[in-house]
Amino acid sequence: MPADHPGGTPVPGQAYGSHGGEHQVTLRTPAELADALPYLLGYRPEDSIVLVALHDKDGRGRFGGRARLGIPAHEDDWPSAARQLAHGLVKGSERRGARPQSMVAFLCQEPEKGRTGREVMERLRPLAQRLRVECGSLDVVVVEALCISEGRYWSYCCDNSVCCSPEGAPMGLPGTSVLAAAAAYAGIQVRGTLKELRTRLQPWEIAAALDQETALDTASMALVPRILDEAGRAEVADETLELARMMLDRLAGAEPVSGTLLADLRDDELIGHEEAARLILGLQDRSTRDRAAEWMEGDEAALALRLWRTLARRCVGPYGEHAAAPLTLAGWVAWSTGDELEAREALAMALGADPDYLFACLLHQACNEGLEPESIRRCLRAERAERAERAGRGRARAEAPEVADRAEGLPAGEAGSVIEAAGGARATGSAATEAQVVDAEAGAGASETEEVPSRAHSVPSSGTAHLRRRRRPRSAGASHRRTPTGLPRPAGAADAVTRPGRAASRNGGRPGTARVDGTRARGSHEAVLPSRDTGQEGTRPDRSTEGEE
């Protein structure tokens, strides 16, 4: 409870780093707690139940983990929602070795037309009480429970009309509090609402959506038969990735604009309907998607995120299920670059489009459990290095078959050295430079092979495994791959790789569709829409609770 309440103690806010060392902001009143909520979450919650853990340190509470859940529309669901949220936050904190001593609860909801904020507060009172009971059953006391509605706040724990009026107290103007000033100094920005964030990833609902659907149908008729053919699949993959690189270059040359809405409109205009359709269909193949996931760092990550958002908005009409691939890529790039908020939302939307999409399932679970994405980044870097090594050996075989025979079966670094040494006498200019790059990348991949995931995971893809079956065996000293540490492995993941010609065990798609060899087949005159993630690959985690530590 805040310090101004009887028996209350001040609640220091999160410590913010600065040039002069660590700074703390102490929150003493319900008004300050209500103002702090957007800074604790990174966005302004709507229709939300939020629990914030407090950890005791020298008699002063410090903010810990946070968990959010949408307010159920039906009151019969309130007890289970309160139980799920309380248990999820407490047990999650315990797994991280920091059990909370107390909680602060927030209920955020705007009134319907003709209603008032006070009516919202009264209607949600049983939910606030249920939250207090569920936390109490876990020996964690709720020191304050606030309702925020219509620009005012009410306390469910304080009946002092001086500080907590029955009519509610007005909240301060955004950005005028001490916490807002400290957050600005620390470079912390508050996003808009989750609704605004989801709008950037949702399919079009404009007139142009019909043209995009027509383009998807046309591209499907041309691409799907090739994707279902072994030789044609590799060609489509190369074409898809080459087109994606062209789109990245186009986005990079775009004029900057202010505001997310204008930025999204600009990106939509830069990518045509046919180009978007070819990319969306090409990314349904897992091997192509996994190679596209390598655009995860540096300047190319920001461009890739813009591209994946644009493609997600183009998955219109009956193609909504195919948004799982670009949404998962958007979530992965956001997580890799440190934006956990957009990562969780994009991955949750991907699972909404296709609940059995294994890559999204794994990433969503890992992100919510507070794991680090570096292990996956190492896997993708190693895959890129190994692919460069294979390409270098292919060029060497074309130029000097006897040298390639000598290099075959050697460790990556030695093979690159043999190829480079033999090619040095003949290669000049860019050819010699490419040989050196292959050697450097192969050496980097060899030092990190133990982090590359097993074939049960979606990284690397089944398409990569297919290529490896054609390779000659490595020497006895070659490194073996292991599953990356820290990446969760849901039940059913052992069946992640669908063998050619093997049908999935369940449909999981729209009515009238069937899945064969990891693809979705539509009616005779419609497109067959391939997707390498099938219902056999695993179960999704519980996505209803969003939390962070």
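Predicted model only: the values in this text are computed from it and were never measured.

Draft legend 1. Highlighting the overall build of the protein. Along its length, the protein carries 20 helices and 14 strands. Buried positions account for 50% of the 549 residues belonging to the protein.

Draft legend 2. Spatial organisation of the pattern of salt bridges. Enumeration over the complete set of coordinates arrives at 30 salt bridges. A salt bridge links Asp264 to Arg313; its shortest N-O distance comes to 3.6 Å. Note that Asp264 is positioned in helix α9 (residues 260–270) and Arg313 in helix α12 (residues 298–313), a separation of 49 residues in sequence. Relative accessible area serves as the criterion here: at 8%, Asp264 is assigned to the buried category. Measuring nitrogen to oxygen at the nearest pair gives 3.6 Å for the salt bridge that ties Glu386 to Arg390.

Draft legend 3. Representation of the packing of aromatic side chains. Scanning all chains against the criterion turns up two aromatic pairs. Relative to Trp308, the ring of Trp295 lies with its centre 6.2 Å away and its plane at 20 degrees, an arrangement referred to as stacked. With Trp295 in the loop between α11 (286–292) and α12 and Trp308 in helix α12, the pair connects residues that are 13 residues apart, well separated along the chain. By relative accessible area, which is 1% here, Trp308 ends up buried. Ring centres 6.0 Å apart and planes at 75 degrees place the aromatic pair Trp332 and Trp335 in the edge-to-face group. A residue pair is termed a helical-turn pair when its members lie 3 or 4 positions apart in one helix, as Trp332 and Trp335 do in helix α13 (residues 324–336) at three residues. Across this residue pair, the class does not change: Trp332 and Trp335 are buried.

Draft legend 4. The arrangement of the packing of α12 against α13 in detail. Put simply, α12 and α13 touch, their axes get as near as 8 Å, and they point 150 degrees apart. With respect to α13, the element α12 is oriented roughly antiparallel. Handedness of the crossing formed by α12 with α13: left-handed. Each of Ala301, Leu305, Trp308, Leu311 and Ala312 in α12 lies in contact with α13, whose residues at this interface are Pro326, Leu327, Leu329, Ala330 and Val333.

Draft legend 5. View of the nonpolar core. Formed by 63 residues in total, the largest nonpolar core has its most connected members in Trp295, Leu307, Trp308, Leu311, Trp332 and Trp335. Those elements that place two or more of their residues in this core are α7 (208–227), α8 (230–252), α10 (273–282), α12, α13, α14 (340–353), α15 (358–368) and α16 (374–399). No other element matches the nine residues that α13 contributes to this core. In terms of nonpolar packing, the next biggest core, distinct from the first, is built from 31 residues, Ile49, Leu51, Leu131 and Leu138 among them.

Draft legend 6. Molecular detail of unusual backbone geometry. One non-glycine residue with positive phi stands out, namely Asp47, at about 45 degrees. Tracing the backbone through its elements, the reader meets Asp47 in the loop between α1 (30–41) and β5 (48–57). Residue classification places Asp47 among the partly exposed residues on the basis of a relative accessible area of 40%.

Draft legend 7. Representation of the pairing of strand β9 (residues 152–155) within the structure. Bridge analysis of strand β8 (residues 141–149) against β9 gives four bridges, and the strand direction is antiparallel. From the neighbouring strand, Ile148 faces β9, where its bridge partner is Tyr153. Counting the residues in the hairpin turn of β8 and β9 gives two residues, including Glu150, whose phi is positive at 55 degrees.

Draft legend 8. Focus on the pairing of strand β6 (residues 60–70). When you tally the buried positions in β6, you get eight out of eleven residues, the bulk of the element. As paired elements, β5 and β6 share nine bridges and run antiparallel to each other. Across the sheet, residue Asp56 finds its bridge partner in β6, namely Gly61.

Draft legend 9. Region of interest: α1. Across its twelve residues, α1 extends 17 Å between first and last C-alpha, which sits within 8% of the 16 Å expected from 1.5 Å per residue. Of all twelve residues in α1, ten are buried, a share of seventy percent or more. What α1 keeps buried is the set Pro30, Leu33, Ala34, Asp35, Ala36, Leu37, Pro38, Tyr39, Leu40 and Leu41. Once α1 ends, the next one or two residues include Gly42, with phi positive near 95 degrees.

Draft legend 10. Spatial organisation of the packing of α8 against α10. The interhelical angle for the contact between α8 and α10, taken along N-to-C directions, is 130 degrees, at an axis separation of 10 Å. Judged by the angle between their axes, α8 and α10 are oblique. The two elements α8 and α10 meet at a crossing, and its hand is left-handed. For the pair α8 and α10, contact is made by Thr240, Leu243, Ala244, Met247 and Arg250 and by Glu275, Arg278, Leu279 and Gly282, respectively. Of the residues that constitute the contact of α8 with α10, the class distribution is four nonpolar, two polar and three charged.

Draft legend 11. Representation of the side chain of Thr240. Mapped onto the secondary structure, Thr240 falls in helix α8. Aside from chain neighbours lying at most four places away, what touches Thr240 is Arg278, Leu279, Gly282, Leu283 and Thr288.

Draft legend 12. Just a nonpolar patch on the surface, in detail. There is a patch of nonpolar side chains on the surface, built from Val257, Leu261, Leu262 and Leu265 and spanning about 370 Å² of accessible area. Here Val257 shows up in the loop between α8 and α9.

Draft legend 13. The confidence of the model for the protein, seen in detail. Counting all residues, the mean pLDDT for the protein is 75, and 68% of those residues have values of 70 or more. Low pLDDT, under 50, characterises residues 1–21; the predicted model gives this stretch 64 contacts beyond four residues in sequence or across chains.

Draft legend 14. Region of the structure containing α13. Between its terminal C-alpha atoms α13 stretches 18 Å, which fits the 18 Å expected from 13 residues at 1.5 Å a residue. Among the 13 residues of α13, 13 are classified as buried, and the element is accordingly described as predominantly covered. Positive phi shows up at Gly338, right after α13, with a value of about 95 degrees.

Scoring rules and cut-offs
Residues numbered from 1 in each chain as written. Predicted model: local features only at pLDDT ≥ 70, side-chain atom pairs only at ≥ 80, totals over all residues. Heavy atoms only, no water. Helix = DSSP H or I, 4+ residues; strand = E, 2+ residues; numbered from the N terminus. Buried < 20%, exposed > 50% of the residue type's maximum accessible area, 1.4 Å probe, protein only. Salt bridge = Lys/Arg side-chain N within 4 Å of Asp/Glu carboxyl O. Phe/Tyr/Trp six-rings, centres within 6.5 Å; stacked < 30°, edge-to-face > 60°. Axes fitted to C-alpha atoms, helices over the stretch in contact; angles between N-to-C directions. Parallel < 35°, antiparallel > 145°, perpendicular 65-115°, else oblique. Left-handed = near helix turned anticlockwise from the far one by under 90°. Contact = heavy atoms within 4.5 Å. Core = buried A, V, L, I, M, F, W, Y, C linked by side-chain atoms within 4.5 Å. Pairing = 2+ DSSP bridges. Expected span 1.5 Å × (residues − 1). Nonpolar A, V, L, I, M, F, W, Y, C, P; charged D, E, K, R; others polar. Patch = residues over 30% accessible without salt bridge, like charges linked within 9 Å, V, L, I, M, F, W, Y side chains within 5 Å. Areas by Shrake-Rupley, 256 points an atom, 1.4 Å probe, with all protein chains shown as cover. pLDDT = per-residue confidence, 0-100.

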